[in-house]
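Listed here are the chains, written in short residue letters.
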Amino acid sequence: MASELEPEVQAIDRSLLECSAEETAGKWLQATDLTREVYQHLAHYVPKIYCRGPNPFPQKEDMLAQHVLLGPMEWYLCGEDPAFGFPKLEQANKPSHLCGRVFKVGEPTYSCRDCAVDPTCVLCMECFLGSIHRDHRYRMTTSGGGGFCDCGDTEAWKEGPYCQKHELNTSEIEEEEDPLVHLSEDVIARTYNIFAIMFRYAVEILTWEKESELPADLEIVEKSDTYYCMLFNDEVHTYEQVIYTLQKAVNCTQKEAIGFATTVDRDGRRSVRYGDFQYCEQAKSVIVRNTSRQTKPLKVQVMHSSIVAHQNFGLKLLSWLGNVIGYSDGLRRILCQVGLQEGPDGENSSLVDRLMLNDSKLWKGARSVYHQLFMSSLLMDLKYKKLFAIRFAKNYERLQSDYVTDDHDREFSIADLSVQIFTVPSLARMLITEENLMTIIIKTFMDHLRHRDAQGRFQFERYTALQAFKFRRVQSLIFDLKYVLISKPTEWSDDLRQKFLEGFDAFLELLKCMQGMDPITRQVGQHIEMEPEWEAAFTLQMKLTHVISMMQDWCALDEKVLIEAYKKCLAVLMQCHGGFTDGEQPITLSICGHSVETIRYCVSQEKVSIHLPVSRLLAGLHVLLSKSEVAYKFPELLPLSELSPPMLIEHPLRCLVLCAQVHAGMWRRNGFSLVNQIYYYHNVKCRREMFDKDIVMLQTGVSMMDPNHFLMIMLSRFELYQIFSTPDYGKRFSSEITHKDVVQQNNTLIEEMLYLIIMIVGERFSPGVGQVNATDEIKREIIHQLSIKPMAHSELVKSLPEDENKETGMESVIEAVAHFKKPGLTGRGMYELKAECAKEFNLYFYHFSRAEQSKAEEAQRKLKRQNREDTALPPPVLPPFCPLFASLVNILQSDVMLCIMRTVLQWAVEHNGYAWSESMLQRVLHLIGMALQEEKQHLDNVTEEHVVTFTFTQKISKPGEAPNNSPSILAMLETLQNAPYLDVHKDMIRWILKTFNAIKKIRESSSTSPVAETEGTIMEESSRDKDKAERKRKAEIARLRREKIMAQMSEMQRHFIDENKELFQQTLELDASTSAVLDNSPMVSNMTLRALGPAQTQVPEQRQFVTCILCQEEQEVKVESKAMVLAAFVQRSTVLSKNRSKFIQDPEKYDPLFMHPDLSCGTHTGSCGHIMHAHCWQS
């Protein structure tokens, strides 16, 4: 029996149980040097309670610690038995209106999508179920641990900040009062004393770095030779590596090793051997040796047992402090005072600072404990939350550097508390103005990305695994910047303006380092050997997308800020542009009498980059000038006159040309890295601040320059200038070049260029570019997604861009544009587009991928066929441009544009002579349709004092100028209307001609409406004169065409006759006999035909309309009309003959219509089927 009790007696020292908490507290109350008394007590008892053997006994240790160590502190603090003292404190306390529940890992959290200021504002389950938000649209997630419930925080919610539980206290709190008024002076003094000593002790021992000796105050005389070999956690080595190493180092079983590894991973450290120094040092050397081959070795320390004991108690003490302050807000306030009070060393000497700055040196368990204490104390007291936020901001750079060099996850770093501070609007604003937080975050971020090229741009080419790991950690700073900006200011002070613009300067420096990064050159000859690094740059772009959008949102809220930001951004862009034009030769381009000076630059030969954030930010700010009307209110404050439109468009245009060339297959040898970049450039995650802004920048440039100059520069960048500037180049090109790839590439480039023009003119649904609002923009996105096919809610949401609050805005507009079709027994509910929204469909919507465009076109044509409508997909009626962009529509009626249209139509008319494609023609038809829609809108909205300057219909009615004398665009459209090889586009051409006639009628009927005369005098002619002129033009076209055809046919006839002289002679003889028979045939009566019989019903006449292939004149086939003929070749035929040897003796008397039974010889007539007027054929 005695032997069984012996270990237990050893484990629990009787002297510990005999220790009285009340007596100890009494001694402390009498002591003159309380700190010394408490430290002596801890130095004596802590090593006796903690770390008495190789394995810990948590329950026994906690019980003894409560009795011997914490008990006296509670007695001292309360001045009486804590069992009575703490309930009294709790009763006197006014409970906080903040919930503050700290979430455990995996605990459910709820965020209201309607009322939360940002997505980081969350409620615990209890508060959520008792709040108004349960009936709103909400998002449910699981916590990663570390955050806390925001119930009661009025800055976190637009409405309903309190749940039923915490609402009870709001009526009592009219203004914030000092919680210390509920405590007596004695309690305040005692609490302050004990908190100051215990907090200092915990911080000192947890940040203690020596392994064998304690601080002088805690050192004891009789020191045992017992050590621990302490293994620390890292995020580099795997479980398997640690388990294998431990088995070798400490001779344990696999099960024991797994237990050690699990504890190390959970708590951050674990002792793996207990004994004298030599014994532990031996285990340490084995562990270090076994884990240092590929990576840095596992961290192992040989620590004296008394140090480990004190550190374990230090953690227990921090948890105890967190529990005690829960009894009273007054106690919390005192602990905050103690923590933030500066020590004797001045700056960064407060206990809170010391803990934060040593965060990366602490193990995981210690970090979690003190982070929780900070959340339950500093972040729950509004006064000290502000002071803590200032300390956090002052140390921000150091804390982030520690985090980046550390290898623990973000959730175990003090840096993770930024989300609790920066998302509070009042604190964020205060930190921007007082601590210049925006600038600090951005500069800290840039300090960690030191790899630059010769031009100072970020360089991610030679990207090692260590750099990639570091870069992932640095990205967390972008989230901090996002948290600071997520709540927009309602009022601006001068300080806020100044500091925001300082931050904006720093942000521009960051974007400047990204402008033109990762440049690429087209690979020619052989395929690229190694795929270049591209993911890092795109990751950076993706992370910054919302930050760039929020920067623009902030600028939009204040006119002064917007003007200054615009100036700064333009200045930085000019700096960037200055470094890119080295060695580029000036050239002059000329088409249609217009000329422009530009630089010689080939995207397919020079370096080009897809990353242009400075250009795109300027495009966003330019749109805001229009949207906020600052451009019209304060034009004198803006540098609009300094803008160089060719400079603005240069790099976005290069980027779009790159995309076109990739699509044309010119960059195949550059591998998948480029394909991926182009994919993300257009992807829903990036396009808002990449592709969309490039289109806006081109729109900005076109609106400020001569559209002819823009189009010539565009032709030059697309490397198509020669084709459109040289007459008949296309024909020569197709005949000279036999390489199909080159022809196909050029066709694709022309298609892409025309598509880009469609986008520049048609994409006006961004508020500020067109006269629309954000709702119109999202409606249009949904209409075009549902034009492809009906979609489920989740599928539709994925295809729409999210804002910084993870919202798409879909729910507010979906009912206006779609019906919800409920699911059946299986399947999903689907949104289907409303029929009336189909008219808003644009085949060339700029967010369609190639596959989506094809599917949408097919679906819409099928729908039209079902509704028995023609299958034309005309461009929709577009909203008007804002005044700043109004001149942009002139690109449609510019000379160069008309030249491009005329050239493509000419290729289509003479389709055998040129290399062209139907897609090219379809795009030209779409552009013509857009121009007609534009002119119709101008005429509909014209007022008496305004002049219509958009005269597209008159320009397309004019034939081309000498020396080509090509027919007018209108005449070519009429020719193509009947072309058999363009069946698909007939409906579209018919729609264009119908719209043209409608506009013509409007112009004729509104003779009072003045029309501006542009580019030469427009003749005022009557309707009859116009028709006459039109007929004359048609006749001229027909004559030229007829001559061409006749020349070809004569040549072919001569060639054929030479080869078949004998056969041709026989044919002449047969022709003569046939004509003799025809002369004797009776004439057809022109009397009205009637059916005979009892009913005697009238037979309806079959009306037939045909078009003469030579003069293009349409005519009904009647006996009294002009004679219509077919060109035919009549020849002798013996295909069915039974007697081929028989020869006709007298062909003059032979009647071919009555055959002999032996079918010896007959006639065969062949015709091409083209109908002509007899007089046209003869002439």
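Predicted model only: the values in this text are computed from it and were never measured.

## Here we look at the overall build of the protein
Helix and strand counts for the protein come out as 47 helices and 13 strands. Residues classed as buried in the protein amount to 51% of the 1179 residues present. Counted over contacts in the protein with a minimum sequence separation of 6, partners at least 24 positions apart contribute 76%. In the structure as shown, the protein presents an accessible area of about 58,000 Å², 51% of it carried by carbon and sulfur atoms.

## Regarding the pattern of salt bridges
Taken as a whole and assessed by the stated rule, the structure comprises 48 salt bridges. With a shortest N-O distance of 3.3 Å, glutamate 80 and lysine 88 are connected by a salt bridge.

## Here we look at the nonpolar core
Core analysis: the largest hydrophobic core is formed by 283 residues, its most contacted members being Phe195 and Phe313. With residues up to four places along the chain from it excluded, the contact list for phenylalanine 313 reads Leu42, Val46, Tyr50, Leu69, Leu70, Met73, Met198 and Tyr201. Counting 21 residues, the second largest nonpolar core, distinct from the first, contains Val242, Val250, Val300 and Val302.

## Some details on the confidence of the model for the protein
Per-residue pLDDT for the protein averages 84, and the proportion of residues at 70 or more is 86%. Predicted confidence is poor over residues 1–11, with pLDDT under 50, and the contacts of this stretch with residues over four places away or in other chains come to 1 contact. Low pLDDT (under 50) marks residues 1008–1026, which in the prediction has 27 contacts with non-local residues, meaning those over four places away or in another chain.

## Observations regarding the sheet that holds strand 4 (residues 269–275)
One open sheet holds the 3 strands; their spatial order is 4-3-5, and the pairing between them is antiparallel. The two strands at the open ends of the sheet, each matched to only one other strand, are strand 4 and strand 5 (300–304). Going across the sheet, the axis of each strand differs from the next one's by a mean of 30 degrees, ignoring polarity. Along the sheet, helix 12 (residues 277–291) makes contact with strand 3 (227–232), strand 4 and strand 5, crossing strand 4 at roughly 135 degrees.

## Notes on a nonpolar patch on the surface
A contiguous nonpolar surface patch, about 390 Å² in accessible area, is contributed by Val1135, Leu1136, Met1155 and Leu1159. Within the secondary structure layout, leucine 1159 lies in the loop between strand 12 (1124–1133) and strand 13 (1162–1173).

## Here's the deal with unusual backbone geometry
Unlike most non-glycine residues, cysteine 51 shows phi in positive territory, near 55 degrees. Mapped onto the fold, cysteine 51 is located in the loop between helix 4 (34–49) and helix 5 (58–78). Judged by relative accessible area, which is 9%, cysteine 51 ranks as buried. You will see that lysine 806, though not glycine, has its phi angle at about 60 degrees, which is positive. Tracing the backbone shows lysine 806 in the loop between helix 37 (793–798) and helix 38 (814–817). For lysine 806, a relative accessible area of 48% gives the class partly exposed.

## Notes on the packing of helix 32 (residues 707–717) against helix 40 (residues 895–909)
What describes two packed helices is the angle between their axes and the distance between those same axes. With their axes 7 Å apart at the nearest point, helix 32 and helix 40 run at an angle of 50 degrees to one another. Put simply, helix 32 runs oblique to helix 40. Between helix 32 and helix 40, the residues in contact are Asn708, Leu711, Met712 and Leu715 and Asp895, Val896, Met897 and Ile900, respectively. Tallied by class, the residues present in the contact of helix 32 with helix 40 amount to 6 nonpolar, 1 polar and 1 charged.

## A closer look at the packing of helix 24 (residues 494–514) against helix 26 (residues 559–578)
It is the contact of helix 24 with helix 26, at a shortest axis distance of 10 Å, that shows an interaxial angle of 25 degrees. It follows from the interaxial angle that helix 24 and helix 26 lie roughly parallel. Two packed elements cross with a definite hand, and for helix 24 against helix 26 that hand is right-handed. Residues Arg497, Phe500, Leu501, Phe504, Asp505, Leu508 and Lys512 of helix 24 touch helix 26, and the partners they reach there are Lys560, Val561, Glu564, Ala565, Lys568, Cys569, Val572, Gln575 and Cys576. Counted by class, the contact of helix 24 with helix 26 contains 9 nonpolar, 1 polar and 6 charged residues.

## Some points on the environment of valine 474
Position of valine 474 among the secondary structure elements: in helix 22 (residues 465–474). For valine 474, a relative accessible area of 0% translates into the label buried. Taking the C-alpha atoms as reference points, valine 474 and methionine 446, 28 residues apart in sequence, are found 9.2 Å from one another.

## Concerning the pairing of strand 1 (residues 108–112)
Of all 5 residues that make up strand 1, 4 are buried, and the element is covered over most of its length. As paired strands, strand 1 and strand 2 (residues 138–142) are joined by 5 bridges and run antiparallel to one another. Paired with tyrosine 110 across the bridge in strand 2 is methionine 140.

## Overview of helix 40
Under the 1.5 Å per step criterion, the end-to-end length of helix 40 is 21 Å for 15 residues, consistent within 8% with the ideal 21 Å. Burial analysis of helix 40 places 15 of its 15 residues in the buried class, the great majority of the element.

## Looking at helix 12
Note on helix geometry: an α-helix contains 3.6 residues per turn, so any two residues three or four positions apart are oriented the same way. Between its first and last C-alpha, helix 12 extends 21 Å over 15 residues, near the 21 Å set by a 1.5 Å rise per residue. In this structure, the buried residues of helix 12 make contact with strand 3, helix 10 (239–250), strand 4 and strand 5.

## Describing the side chain of serine 476
Looking at the element boundaries, serine 476 is found in helix 23 (residues 476–485). Within polar-contact distance, the side chain of serine 476 engages the backbone oxygen of arginine 473 at 2.8 Å. Setting aside chain neighbours within four positions, we find serine 476 in contact with Gln400, Tyr403 and Arg410.

## Here's the deal with the packing of aromatic side chains
Under the counting rule described, the total for this entry stands at 32 aromatic pairs. When the ring of phenylalanine 500 is compared with that of tryptophan 554, the centres are 5.3 Å apart and the planes differ by 15 degrees; the resulting orientation is stacked. Note that phenylalanine 500 is positioned in helix 24 and tryptophan 554 in helix 25 (residues 535–556), a separation of 54 residues in sequence. Here phenylalanine 500 matches tryptophan 554 in class, with each residue buried. Each ring, one from phenylalanine 841 and one from phenylalanine 848, has its centre 6.4 Å from the other, and the planes form 45 degrees; the classification is tilted. Residue class for phenylalanine 848 comes out buried when judged on its relative accessible area of 4%. A cation sits over an aromatic face here: arginine 269 above tryptophan 363, 3.7 Å from the ring centre. For the cation-ring pair, arginine 654 lies above tyrosine 601, with the distance from its terminal atom to the ring centre recorded as 3.5 Å.

Definitions and limits used
Numbers given for residues are sequential positions, taken from 1 along each chain in its written order. Predicted model: local features are reported for residues with pLDDT of at least 70 only, side-chain atom pairs are reported and counted for 80 or more only, and whole-chain, interface and lining totals are derived from all residues. Computation of side-chain values: all heavy atoms of the structure, hydrogens and water removed. Helix numbering and strand numbering both begin at the N terminus, where a helix is a DSSP run of H or I of at least 4 residues and a strand a DSSP run of E of at least 2. Relative accessibility thresholds used throughout: buried, under 20% of the residue-type maximum; exposed, over 50%; partly exposed, between the two (1.4 Å probe, protein chains only). Here a residue-residue contact requires only that any non-hydrogen atoms of the pair lie within 4.5 Å. In these tables, accessible area is a Shrake-Rupley quantity obtained with a 1.4 Å probe, and a residue counts as shielded only by the protein chains included in the view. By definition here, a salt bridge exists when the distance from a side-chain nitrogen of Lys or Arg to a carboxyl oxygen of Asp or Glu is within 4 Å. The term nonpolar core refers to a set of buried residues drawn from Ala, Val, Leu, Ile, Met, Phe, Trp, Tyr and Cys, joined through side-chain atoms within 4.5 Å. You can read pLDDT as the predictor saying how much it trusts each residue, on a scale of 0 to 100. Pairing between strands requires that DSSP locate at least two bridges from one strand to the other. In this description, a line fitted to the C-alpha atoms serves as the axis of each element, helices being fitted only across the stretch in contact, and the angle between N-to-C directions of two axes falls anywhere from 0 to 180 degrees. Here, patches come from residues exposed beyond 30% relative accessible area and free of salt bridges, joined within 9 Å for like charges and within 5 Å for nonpolar side chains (Val, Leu, Ile, Met, Phe, Trp, Tyr). Between 65 and 115 degrees an angle is taken as roughly perpendicular, under 35 as roughly parallel, over 145 as roughly antiparallel, and anywhere else as oblique. In this count, Pro and Cys sit with the nonpolar residues alongside Ala, Val, Leu, Ile, Met, Phe, Trp and Tyr, while Asp, Glu, Lys and Arg are called charged and the others, Gly among them, polar. Note: crossing handedness is left-handed where the near helix turns anticlockwise from the far helix by less than a right angle, and right-handed where it turns clockwise. In a helix, the anticipated span is given by 1.5 Å times the number of residues less one. As used in this structure description, the phrase polar contact means that two N or O atoms lie within 3.5 Å; if the pair is within protein, one of them must be able to donate a hydrogen and the other to accept it, and residues adjacent in sequence are counted only when both atoms belong to side chains. Here the aromatic set is Phe, Tyr and Trp, taking the six-membered ring for Trp, and pairing holds for ring centres within 6.5 Å; pairs whose planes are under 30 degrees apart are stacked, those over 60 apart are edge-to-face, and all others are tilted. Charge-over-ring placement is defined geometrically: NZ (Lys) or CZ (Arg) within 6 Å of the ring centre, and within 35 degrees of the ring normal.

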